[in-house]
Amino acid sequence: MRRLPAAVAAIAAVLCMAALVPIASAKPLPPGKVVAVEYAPPTAEEAAAHDLLRRTRVLERAGRTVGRELALGRPLKVRVVGANAPADDDPAPGPYYDPANRTIHLSYGFVDDVQAALTRLVRRERIRIRPAVLTTAATEFILYHEIGHALVHRLDVPVTGREEDAVDQLAALMSVSRGKGGEFVPLAAAMLFAAWDDGKAPGAAEYADEHSLKQQRVYSFVCLVYGSNPRRFADLVGEDGLPVQRAERCPAEWYQSYRSWTRLLRPYARVKAPIPPPIDRLGQGALPRR
Ligand SMILES: [Zn+2]
């Protein structure tokens, strides 16, 4: 059975109202800043995906969020590719960071796949959010994830454990740090991975994959959002949502990710805020509870 924690859609429906306002009104990013986005001319089939990206400015917006936090010597390049300008001969690759040319690739075809999966999910679960809105937010999350890979490579950030999990955590932190309903972004990503899960039992390929299983990623994204503010997101926990046993540890999981990435990226931070203390020195009641 394919499962989307039902509580996710309800909370996401509330957050998305706030989350989309800044995306729609984000000004174009001046060239030469932290993230530089380049669009290949789309074919007729790619026009809808191109239009969605340009209209919402979602990639530029994600670049602005990262640029507000970090100062980098040279900008991160994002190339949106398609049939007119394929990446490595593939017109519609999944998103990836290429260390050889220090470029993140994202294809129009992939954006279409995301929208198709979310459209099916919205119909099946009767979710009251437009698929285009979910697609925009899930794409924002995926770009933060790829920016995470780029930062690990370019800044030689130490990673222990799986890099895929580490950059998922960074993507959730970036989403929440952008404010204005940014928690909608990881929740939309959770919906995408729920939509992509075909419900079959995982086989050798899935267990051996460098990514966590799709359902694990769904719960991890929901856990981080809940952990970022347990009082506000209390409704994410329960029978239809995050199991209580996991939820109890989510504020600590969130804090550990936040503290670790703050320390690792501090040399590049625009504002050198004090390093948050270790969790056991926070004192009783410092982490918020429900
Ligand atoms: Zn990755």
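Report on the accompanying structure. (Residues numbered from 1 in each chain as written. Predicted model: local features only at pLDDT ≥ 70, side-chain atom pairs only at ≥ 80, totals over all residues.)

**Details of the overall build of the protein chain**
Next, step 1: Of the regular secondary structure elements, the protein chain holds 11 helices and four strands.
Next, step 2: Here the protein chain has a C-alpha radius of gyration of 18 Å; the compact-globule value for 290 residues is 19 Å, and the two agree.
Next, step 3: If one aligns the C-alpha atoms of the protein chain with their principal axes, the spans along those axes are about 55 × 45 × 40 Å.
Next, step 4: Each of the 290 residues in the protein chain was classed as buried or not, and the buried ones make up 43%.
Next, step 5: Pairs at least 24 apart in sequence give 75% of the contacts found in the protein chain among residues at least 6 apart. (Helix = DSSP H or I, 4+ residues; strand = E, 2+ residues; numbered from the N terminus. Rg over C-alpha atoms; globule rule 2.2 N^0.38 Å. Buried ≥ 20, exposed ≤ 12 C-beta atoms within 10 Å, placed from the backbone. Contact = placed C-beta atoms within 7 Å.)

**Overview of helix α9 (residues 214-228)**
Next, step 1: With 15 residues, α9 should reach 21 Å at 1.5 Å per residue; the first-to-last C-alpha distance of 21 Å fits that figure.
Next, step 2: Judged by how many residues are buried, α9 sits mostly within the fold: 12 of 15 residues are covered.
Next, step 3: Within α9, the full set of buried residues consists of R217, V218, Y219, S220, F221, V222, C223, L224, V225, Y226, G227 and S228. (Expected span 1.5 Å × (residues − 1).)

**Section: unusual backbone geometry**
Next, step 1: Phi angles above zero are rare outside glycine, and R57 is one such case at about 55°.
Next, step 2: The residue R57 is located in the loop between α2 (47-56) and α3 (58-69) in this model.
Next, step 3: By the C-beta count within 10 Å, which is 21 here, R57 ends up buried.
Next, step 4: The residue D156 is not glycine, and still its phi comes out positive at about 55°.
Next, step 5: By the element assignment, D156 lies in the loop between α5 (131-154) and α6 (163-177).

**Examining the environment of A171**
Next, step 1: When you line up the elements, A171 lands in helix α6.
Next, step 2: Here A171 falls in the buried class, since 25 other C-beta atoms lie within 10 Å of it.
Next, step 3: Taking C-alpha positions, A171 is 8.3 Å from I147, a pair spaced 24 residues apart along the chain.
Next, step 4: Those residues in contact with A171 that lie beyond four places of it in its chain are F141, Y144, H145 and G148.

**A word on the sheet that holds strand β2 (residues 76-81)**
Backbone hydrogen bonds hold the strands of a sheet together, and the pairing may be parallel or antiparallel.
Next, step 1: Read from one edge to the other, the open sheet built from four strands follows the order β1-β2-β4-β3, with strand pairing classed as mixed. Each of the sheet's edge strands pairs with one partner strand only, and the pair in question is β1 (35-39) and β3 (96-98). Taking each pair of neighbouring strands and ignoring which way they run, the sheet shows an average axis angle of 25°.
Next, step 2: With three bridges connecting them, β3 and strand β4 (residues 103-107) associate as antiparallel partners. In the strand pairing of β4, Y96 is matched with H105. (Pairing = 2+ DSSP bridges. Axes fitted to C-alpha atoms, helices over the stretch in contact; angles between N-to-C directions.)

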